Amino acid sequence: MDEARAIETYFSQSGKMRAKLTSPIMFRYQDTLPRVEFPQTLHVDFYSDSLTVESILDAKYGRYLEGQKKMFLKDSVVVIQRFNQDTLRCQELWWDQNKEIFYTDKPVKITKRDGTVLPGQGLEASQEFRNIKIINPSQGILPVPESDFTGIATADSSVVTDSVPKRRPFPSADSVRPQ
């Protein structure tokens, strides 16, 4: 096992720089499964073709499988798309360097800049985090600005002038019993 500290390493594809990884410590294992582990946090900047940072990633642990060019990330994984500030949070995530995608089958939560929260189970996303698909979405939170609740009727609103509800007699016990 090799050990290195204050790591800064670069990932490229087809001669283009795609990502820069920094970490305080790295262990490289050259056994039956060559891998690199980052046990004390890691940070990755993902670059566009014009070398601007498109998305950033932080995790408390990472393991890079060299032969497969895949990175397994776990524990407080956060990915932020720099253009629109969409933020992914999950406990486990894979990065496939060859396919330039993120994926997981674990619970995920995406928070958008406007406060919209999109939770679900499983995710596939492009590396630049512009194309995101939650595999099994669940109920989320959609913020509605207070200005949308003015209490003032507009011309296209339906307004009921009688605010007192009409009394309707309750059905008798005999009328609701099953036959």
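Data block above holds the structure.
The structure presented is a predicted model; accordingly, all values stated were derived computationally and were not measured.

**Quick word on the pairing of strand 9 (residues 101-111)**
For strand 8 (residues 87-96) and strand 9, the ladder comprises 7 bridges, and the chain directions are antiparallel. From the neighbouring strand, D96 faces strand 9, where its bridge partner is I101. Where strand 8 hands over to strand 9, the hairpin turn is made up of 4 residues, of which E100 adopts a positive phi near 55°. Of the pairings in the sheet, the one linking strand 9 to strand 10 (residues 117-126) comprises 9 bridges and is antiparallel in character. Residue pairing for strand 10: Y103 is matched across the bridge by E124. Following strand 9, the chain reverses through 5 residues before pairing antiparallel with strand 10; G115 in that reversal takes a positive phi of roughly 100°.

**Thoughts on the environment of K74**
Checked against the element boundaries, K74 lands in strand 7 (residues 70-81). We classify K74 as partly exposed; its relative accessible area is 35%. Distance from K74 to L93, taken between C-alpha atoms, is 6.4 Å for residues 19 residues apart in sequence. Excluding anything up to four places from it in sequence, K74 contacts A59, K60, Y61, Q91 and E92.

**What to know about the pattern of salt bridges**
Across all of its chains, the model carries 9 salt bridges by this definition. Residue D49 is joined to K16 by a salt bridge in which the shortest nitrogen-to-oxygen separation is 4.0 Å. On the criterion of sequence distance, the pair formed by D49 in the loop between strand 4 (42-47) and strand 5 (53-59) and K16 in strand 2 (residues 16-29) is long-range, its members being 33 residues apart. Overall, K16 belongs to the partly exposed group, its relative accessible area being 40%. Across the pair R18 and D49 runs a salt bridge whose closest N-O atoms are separated by 2.7 Å. With R18 in strand 2 and D49 in the loop between strand 4 and strand 5, the pair connects residues that are 31 residues apart, well separated along the chain. Here R18 falls in the buried class, since its relative accessible area comes to 14%.

So, how was this worked out
Residues numbered from 1 in each chain as written. Predicted model: local features only at pLDDT ≥ 70, side-chain atom pairs only at ≥ 80, totals over all residues. Heavy atoms only, no water. Pairing = 2+ DSSP bridges. Helix = DSSP H or I, 4+ residues; strand = E, 2+ residues; numbered from the N terminus. Buried < 20%, exposed > 50% of the residue type's maximum accessible area, 1.4 Å probe, protein only. Contact = heavy atoms within 4.5 Å. Salt bridge = Lys/Arg side-chain N within 4 Å of Asp/Glu carboxyl O.

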